[in-house]
Amino acid sequence: MEYKSLKITQKSPNSQVYYLYLNRPGQLNALSRDFFTEFPKAISSLDHNPDVAVIILAGSGKHFCSGIDLQTLSDGLKETHASDHGRNVVKLRRHIKFLQEAVSALESCSKPVITAVHGACIGGAIDIITACDIRYCCSDTFFSVKEVDLAITADLGTLQRLPSIVGFGNAMELALTGRRFTASEAKDLGLVSKVFTSKEALMEGVNVVAEEIAAKSPLAVIGTKAVLLKSRDLTVEQGLDYVATWNSGVLLSDDLKEAISAHNEKRKPRFAKL
């Protein structure tokens, strides 16, 4: 499928790691209306492709993403110019939910999504990376929860996801000030797991991690993601009950037998695609 705002590539024909690029480099990968329509479709297609085990999300050009395209924002407001205030409210809420669903597609995807961030990561880009499963960046990356400076309350997921990643107090400070912060601070806050010295080193390092994950049992990988996400909203007791139910459904798979056999035979396991 051809996309206006995205690009999907496979670096190696035998690899189960696929790259999904934000692909409007001339506009600093600003999030257009096309992006919000295409992104959940692209994620779903990768999720349902048995040849895909891990997705790497990156940006084309000099920057990861400069946030939502102001034209997209303006178009959403234009749709509410009818005379009926009640209908205006419903239309605007529907538009916001449409935008939210595109970003939440990252969490809905059963397969892990690793994001490789370089250059600018501003506003809506923070919404996107906080919905990813693992985050890495390079040393020239800078971040900003920028919405407050545009007279907007961030509404695509940052205010819901960022606190559990960097802590409530840190999220509050970043969101209220809208200040720019560096890759080093992002690492200290726990927003990213590692900082690489360059974009080239970043992409190489992220690919190594992705290939390592792709070599593991796909049932174990998707189960780990699902249980971790579900457990955010559960007590420990409820989370333990959830994972017991999950594992009772998949633990007796051929993957477990293969993992044990490979360990005993001192070889790499070979798992069927999912």
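Residues numbered from 1 in each chain as written. Predicted model: local features only at pLDDT ≥ 70, side-chain atom pairs only at ≥ 80, totals over all residues. Heavy atoms only, no water.

(A) Local environment of a nonpolar patch on the surface. Judged by side-chain polarity, F168, M172 and L176 come together as a nonpolar surface patch covering roughly 350 Å² of accessible area. Relative to the elements of secondary structure, F168 occurs in helix α6 (residues 168-177). (Patch = residues over 30% accessible without salt bridge, like charges linked within 9 Å, V, L, I, M, F, W, Y side chains within 5 Å. Areas by Shrake-Rupley, 256 points an atom, 1.4 Å probe, with all protein chains shown as cover. Salt bridge = Lys/Arg side-chain N within 4 Å of Asp/Glu carboxyl O. Helix = DSSP H or I, 4+ residues; strand = E, 2+ residues; numbered from the N terminus.)

(B) A look at the packing of aromatic side chains. One pass over the full model with this rule turns up six aromatic pairs. A ring pair is formed by Y19 and Y21, whose centres lie 6.0 Å apart and whose planes are at 15 degrees; its orientation type is stacked. What makes Y19 buried here is its relative accessible area of 2%. Seen from their ring centres, F143 and F181 are 5.3 Å apart, and the 20 degrees between their planes marks the pair as stacked. Of this pair, F143 sits in strand β7 (residues 142-144) while F181 is found in strand β8 (residues 180-182), placing the two residues 38 residues apart along the sequence. An aromatic cluster is built from F35, F36 and F39, whose rings are joined through pairwise contacts. In this structure, R180 packs its charged tip against the face of F142, placed 3.8 Å from the ring centre. (Phe/Tyr/Trp six-rings, centres within 6.5 Å; stacked < 30°, edge-to-face > 60°. Buried < 20%, exposed > 50% of the residue type's maximum accessible area, 1.4 Å probe, protein only. Lys NZ or Arg CZ within 6 Å of the ring centre and 35° of its normal.)

(C) A look at the packing of helix α5 (residues 158-166) against α6. Closest axis-to-axis distance for the α5/α6 pair is 7 Å, and the angle between their directions is 130 degrees. Classed by the angle they form, the pair α5 and α6 counts as oblique. Considering only the axes of α5 and α6, their crossing is right-handed. Counting all contacts with α5, which are made through L159, L162, P163 and V166, the residues of α6 involved are F168, N170, A171, L174 and A175. Along the lines of polarity and charge, the residues of the contact of α5 with α6 split into eight nonpolar, one polar and no charged. (Axes fitted to C-alpha atoms, helices over the stretch in contact; angles between N-to-C directions. Parallel < 35°, antiparallel > 145°, perpendicular 65-115°, else oblique. Left-handed = near helix turned anticlockwise from the far one by under 90°. Contact = heavy atoms within 4.5 Å. Nonpolar A, V, L, I, M, F, W, Y, C, P; charged D, E, K, R; others polar.)

(D) Expanded view of helix α9 (residues 218-231). In this model, α9 (14 residues) spans 20 Å end to end at C-alpha, consistent with the 20 Å of a helix rising 1.5 Å per residue. Listed in full, the buried residues belonging to α9 are P218, V221, I222, G223, K225 and V227. Next to the buried residues of α9 lie α3 (85-108), β4 (113-117), α8 (199-214), α10 (236-250) and α11 (254-264). (Expected span 1.5 Å × (residues − 1).)

(E) The pattern of salt bridges, seen in detail. Here the structure, examined in full by the defined rule, presents 11 salt bridges. For the salt bridge of R24 with D69, the shortest nitrogen-to-oxygen distance reads 3.3 Å. Here D69 lies in the loop between β3 (54-59) and α2 (70-78) and R24 lies in the loop between β2 (17-22) and α1 (33-47), a separation of 45 residues in the sequence. With relative accessibility at 17%, the residue R24 sits in the buried group. E107 is the salt-bridge partner of R232, the closest N and O atoms lying 3.0 Å from each other. Of the two residues, R232 is situated in the loop between α9 and α10 and E107 in helix α3; the sequence distance between them amounts to 125 residues. When salt bridges with common partners are traced through the structure, they connect E107, R161 and R232 into a single cluster.

(F) Broad picture of the nonpolar core. Judged by nonpolar contacts, the single largest core of 47 residues is most densely connected at L20, L57, F64, L106, F143 and L191. If one sorts the elements of this core by residue count, α1 sits on top with six residues. Judged by nonpolar contacts, the second largest core, of 19 residues, contains I114, L202, M203 and A210. (Core = buried A, V, L, I, M, F, W, Y, C linked by side-chain atoms within 4.5 Å.)

(G) Inspection of the sheet that holds β4 at higher detail. Spatially, six strands are ordered β1-β2-β3-β4-β6-β9 in an open sheet, and the strand pairing comes out mixed. Looking along the sheet, the strands with just one partner apiece sit at the ends: β1 (6-9) and β9 (194-196). Direction aside, neighbouring strands of the sheet carry axes that sit 25 degrees apart on average. Alignment of strand β6 (residues 134-138) against β9, held across three bridges, turns out to be parallel. From the neighbouring strand, C138 faces β9, where its bridge partner is F196. (Pairing = 2+ DSSP bridges.)

(H) Geometry of the side chain of H118. Note on placement: H118 falls in the loop between β4 and β5 (120-122). Overall, H118 belongs to the buried group, its relative accessible area being 3%. From its side chain, H118 meets the backbone oxygen of K62 in a polar contact 3.5 Å long. A distance of 3.3 Å separates a polar atom in the side chain of H118 from the backbone nitrogen of H63. For H118, the residues in contact, after removing those within four places along its chain, are G59, G61, K62, H63, F64, C138, D140, T141, K199 and L202. (Polar contact = N/O pair within 3.5 Å; in protein donor to acceptor, adjacent residues only side chain to side chain.)

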